[in-house]
Structures are given as C-alpha cells and as structure tokens.
Amino acid sequence: PDKDVKGENSDRKGRDTPTRAELIPMLISMFLFFVIIAVFSVFETILTTMTSHAFGFGTQANGILLTVAGMISVIVFIFIGTPAIKKYDDRKVLAVGFLFQIAGLFVSATYEWPVHLESDISLPQFIVAAVFLSVGYPVASAYMFSIYSKVLNPRFQGTKMGWLTAAGSAARVIGPVWATHAYDQGGGELLFLPTNALVIFAFVMEIVFWKKLSPHPEYFTAVV
C-alpha cells in the first residue's frame with residue numbers, strides 16, 4: 001500500500017511539473033497575463049482620481065463611467081466568443097488586444113493630444129482612452145487564458161492553470177500600488193508612459209515567441 005501511495009504521489013508530482021517543451025510557453029504566457037491584468041488594475045485604481053482632478057466628477061458621475069466601461073467590456077467578451085472571431089488564430093486576437101491597450105495608454109499619457117489644455121487630459125481624450133482600454137482588456141485577457149490552456153499538455157494541466165491565476169493575482173497587488181505612487185509623484189505621464197512601455201515590451205515578446213505560443217502537440221489529438 002505504501003508503495004502505491006508513493007507511486008501515486010510521484011505520478012501526480014510529475015503531472016504538475018512542466019516539461020521542457022511547456023516551460024518557456026508557460027513563463028511567457030504568465031508574464032503576458034501579468035501585464036494585461038496590471039494594466040487593467042492600474043486604470044481601474046486611478047480612474048476616479050483622474051476624473052475628479054481633471055473634470056470634477058463626483059461619485060455619481062464616476063459610477064456611470066464605470067458602468068459604461070463595464071458594459072463595453074461585457075459586450076466585447078460576448079463578441080469575441082462568436083464563431084466570427086474564433087476562426088482567427090488566438091495569438092492574432094491577443095495581439096489586437098495588446099494594440100488596443102497600447103493605444104489607450106498612449107492617449108491617456110499624451111496630454112498635448114490633440115490640444116494643450118492646462119496639462120490636464122481633455123474629456124474627449126479620456127473617453128477615447130477609456131474605450132480603447134475597455135475593449136483591449138477583455139480581448140487580451142480572454143485569449144491569453146485560451147493560449148495558456150493550449151500550450152499545456154491537455155491531459156495534465158491541473159496545478160499549472162493555477163500558476164496563471166497567481167500571475168494575475170500578483171498583478172492585482174502590484175498594479176494599484178504602482179498606480180497610486182506614480183500618479184501622486186508625476187501625474188498621468190509618469191504613470192502611463194512607463195506602463196505603456198511595459199505593454200509594448202509584452203507585445204514584442206509575443207511576436208518574438210510567436211511559435212512557442214502555438215498549441216501543444218497533443219492539443220488536437222487529446223480525447224475530451
């Protein structure tokens with residue numbers, strides 16, 4: 001019996017330990033997911049502070065803004081689940097999500113776009129940024145989950161899926177701390193330009209490791 005238990009524990013440990021083929025795609029995926037969630041948490045954390053400072057928004061106005069942003073994200077989540085989108089390579093859709101996030105952060109940080117307004121972001125500029133980020137987040141996060149689940153051996157995922165969630169949880173902790181500190185020290189430009197640089201780096205990493213993020217060899221032959 002003891003041998004059976006040891007053998008069972010050893011087998012379970014082997015299943016939870018990534019193979020060499022899985023390790024690089026897993027680490028890249030976890031980093032990309034960390035960036036995606038970090039961007040969302042940064043914008044979510046600083047949103048009401050920005051709108052209060054720039055536009056004098058109160059609780060009700062910010063509540064409406066957050067509701068609209070949430071509705072946009074829900075609509076996007078529904079849309080990307082349709083067959084019209086699923087026919088595209090997950091990596092291409094993820095890249096589109098990154099581009100939306102990059103655009104949103106760039107617009108948020110560029111206070112002289114399209115005109116200079118006392119170094120504060122203009123309302124139209126802010127709305128454009130919020131829309132870009134509200135679209136980019138659901139696209140990138142949903143397809144990052146999809147890519148990660150496919151780069152793993154479909155028969156032995158278990159604990160490995162939890163690692164991706166852990167990366168997202170870390171981003172939810174670090175993002176708000178960075179957002180509050182950077183905005184207090186230097187405003188939107190100090191916050192959003194470095195954050196955007198991180199997203200651009202993540203986008204480049206996806207392109208560089210494009211082939212590594214392809215589905216596991218057994219993905220298409222796995223018995224469901």
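Residues numbered from 1 in each chain as written. Predicted model: local features only at pLDDT ≥ 70, side-chain atom pairs only at ≥ 80, totals over all residues. Heavy atoms only, no water.

Chemist: With reference to specific residues and values, describe the overall build of the protein.
Modeler: For the protein, the count of helices and strands is 7 helices and 0 strands. Put simply, the protein runs from its N terminus to its C terminus through helices and strands in the order α-α-α-α-α-α-α. Taking the contacts inside the protein whose residues are at least 6 apart along the sequence as the reference set, 83% of them involve residues at least 24 apart. Surface summary for the protein: the accessible area is close to 12200 Å², and the carbon and sulfur share equals 68%. (Helix = DSSP H or I, 4+ residues; strand = E, 2+ residues; numbered from the N terminus. Contact = heavy atoms within 4.5 Å. Areas by Shrake-Rupley, 256 points an atom, 1.4 Å probe, with all protein chains shown as cover.)

Chemist: Please provide a residue-by-residue account of the pattern of salt bridges, values included.
Modeler: Once their charged atoms are close, side chains differing in charge can pair, the charge on each being opposite to the other. Per the counting criterion, the structure on display carries 3 salt bridges. For Arg172, the salt bridge is made with Glu44, and the minimal N-O distance between the two is 3.1 Å. Remark: Glu44 occurs in helix α2 (residues 20–55) and Arg172 occurs in helix α7 (residues 159–208); sequence separation between them is 128 residues. Looking at Arg172, the relative accessible area reads 39%, which means it is partly exposed. Close ionic contact of Arg91 with Asp89 constitutes a salt bridge, the shortest N to O distance being 2.7 Å. (Salt bridge = Lys/Arg side-chain N within 4 Å of Asp/Glu carboxyl O. Buried < 20%, exposed > 50% of the residue type's maximum accessible area, 1.4 Å probe, protein only.)

So yeah, pure geometry; function would need other evidence.
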